[in-house]
Amino acid sequence: MGKIILTGDRPTGRLHLGHFVGSLRRRVELQNSGLFDKVFIMIADAQALTDNADNPEKIRQNIIEVALDYLACGIDPTKSTIFIQSQVAELCELAFYYMNLVTVSRLQRNPTVKTEIQMRNFETSIPVGFFTYPISQASDITAFRATTVPAGEDQQPMIEQAREIVRRFNGIYGDTLVEPEILLPDNAACMRLPGTDGKAKMSKSLGNCIYLSDSPEEVRKRVMSMYTDPDHIRVEDPGKVEGNTVFTYLDAFCRPEHFAQYWPDYSSLDELKAHYMRGGLGDVKVKKFLYAILEELLTPIRERRKEWEKDIPAVFEILKRGSEAARAVAANTLADVRSAMRINYFDDAELIAEQSRKFQG
Ligand code: TRP
């Protein structure tokens, strides 16, 4: 059986470097690897609405931002199907049936949902849709018979939930659904890129993000004001690299060839780190190096985005075509689900005959 990818993002803002290292970069590689029969990339607007019901305009505005970021990063609509979740109504019906296979206490134990509930200060007023979004996410994944879900570690509980639903469904109704696997980022620094302030995660509300669409000047400002080692006061002082955001970013983005190109005084990141730890190396120099590396990465992304921005109707057309294609696939799975559950009454000649005999006899 072929391998199929499904993954996606909530359109709550433009995508940033955290998304890039955590998922986008990998998706483009996977898309181009030839190892997958199909790649589906979903703009999860319905999921975004589960905690933004009062602000649909935010989601609406960010659909195109996210689509532009995808295209800018090299997601190729001829190789990957990009689609909008809410345009695939079949996903809701699947979720409706899956809801019967999951207990409230199981959802309450989901660590990602738990933290998100805390972060959003829902306390006792948790929207039902938000609480059950892991079930909806299981529909997203299974509707496309995805074998592989490239995602960050925070998505692990969602995939586990989806696997449980698949096992439960197949156990009750017979082999129908495909059990997905998560594909985690491969480099430790990429698992979770901290914000530029050193806080655990890039987040719009903390203002610690570098967006893929930021101008060179915005990127420069963010890099030059990055959190480093607060005890590294004078250049001569020995510095720490652990917990030093600039070095965490270098772990994520620096490749050996960057030294020859931008800083031939060193030949490797280990050598650079050793000097920093010994003392005698100032933050500004390291930040300038990081800025050069980031600009090398971001320049082509920014340029491709600018090109697509000139033709927004074409971007809508890609999303429309993608949503139609996605819908056809999801409808196919839904038909299998209905027939496995034997709720496809009108296609069930056996049922009609049986019921006829019952009432004639
Ligand atoms: N929960 C994911 C996020 O917050 C978005 C998402 C929705 C998703 N459905 C998915 C990711 C299915 C992978 C597979 O970013």
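Residues numbered from 1 in each chain as written. Predicted model: local features only at pLDDT ≥ 70, side-chain atom pairs only at ≥ 80, totals over all residues. Heavy atoms only, no water.

Engineer: Whenever I open this one, the pattern of salt bridges confuses me. Can you help?
Structural biologist: Pairing is possible between side chains of opposite charge, provided their charged atoms come close. Enumeration over the complete set of coordinates arrives at 28 salt bridges. Residues R167 and E179 are paired through a salt bridge, measuring 2.9 Å at the closest nitrogen-oxygen approach. Taken as a pair, R167 in helix α9 (residues 156–173) and E179 in the loop between α9 and β5 (181–183) lie far apart in primary sequence, 12 residues in all. Given the relative accessible area of 40%, R167 is considered partly exposed. Looking at E179, the relative accessible area reads 32%, which means it is partly exposed. Via salt bridges that share partners, E65, D69, R305 and E309 belong to a single interconnected network. (Salt bridge = Lys/Arg side-chain N within 4 Å of Asp/Glu carboxyl O. Helix = DSSP H or I, 4+ residues; strand = E, 2+ residues; numbered from the N terminus. Buried < 20%, exposed > 50% of the residue type's maximum accessible area, 1.4 Å probe, protein only.)

Engineer: How do you make sense of the domain arrangement of the protein when you look at a structure like this?
Structural biologist: Quite often, the size of an interface is put as the accessible area lost when its parts meet. One can read the domain layout of the protein as domain 1 (4–192 + 312–353) and domain 2 (216–308). Once you take the C-alpha centre of each, domain 1 and domain 2 turn out to be 35 Å apart. Tallying the contact residues gives 19 residues for domain 1 and 12 residues for domain 2. When the two sides are added together, the surface that domain 1 and domain 2 hide from each other amounts to roughly 1300 Å², 69% of it contributed by carbon and sulfur. (Domains from an automatic or database assignment. Contact = heavy atoms within 4.5 Å. Buried area = accessible area lost by both parts, 1.4 Å probe.)

Engineer: Explain the packing of aromatic side chains here, please?
Structural biologist: A ring pair, where both rings are aromatic, is described by two values, the distance of the centres and the angle of the planes. Within the structure shown, the criterion is met by 11 aromatic pairs. With 4.7 Å between their ring centres and 55° between their planes, F247 and Y276 make a pair best called tilted. Of the two residues, F247 sits in helix α12 (residues 245–253) while Y276 sits in helix α14 (residues 269–278), which places them 29 residues apart along the sequence. Classification of F247 by relative accessible area gives buried; the value is 1%. Pairing F259 with F289 gives two aromatic rings, centres 4.9 Å apart and planes at 40°, and the pair type is tilted. Residue F259 is found in helix α13 (residues 257–262), and its partner F289 is found in helix α15 (residues 283–309); the two are separated by 30 residues along the sequence. Take F289: its relative accessible area is 3%, and that puts it in the buried class. Through a chain of ring-to-ring contacts, the aromatic side chains of F259, W263, Y266 and F289 assemble into a single cluster. (Phe/Tyr/Trp six-rings, centres within 6.5 Å; stacked < 30°, edge-to-face > 60°.)

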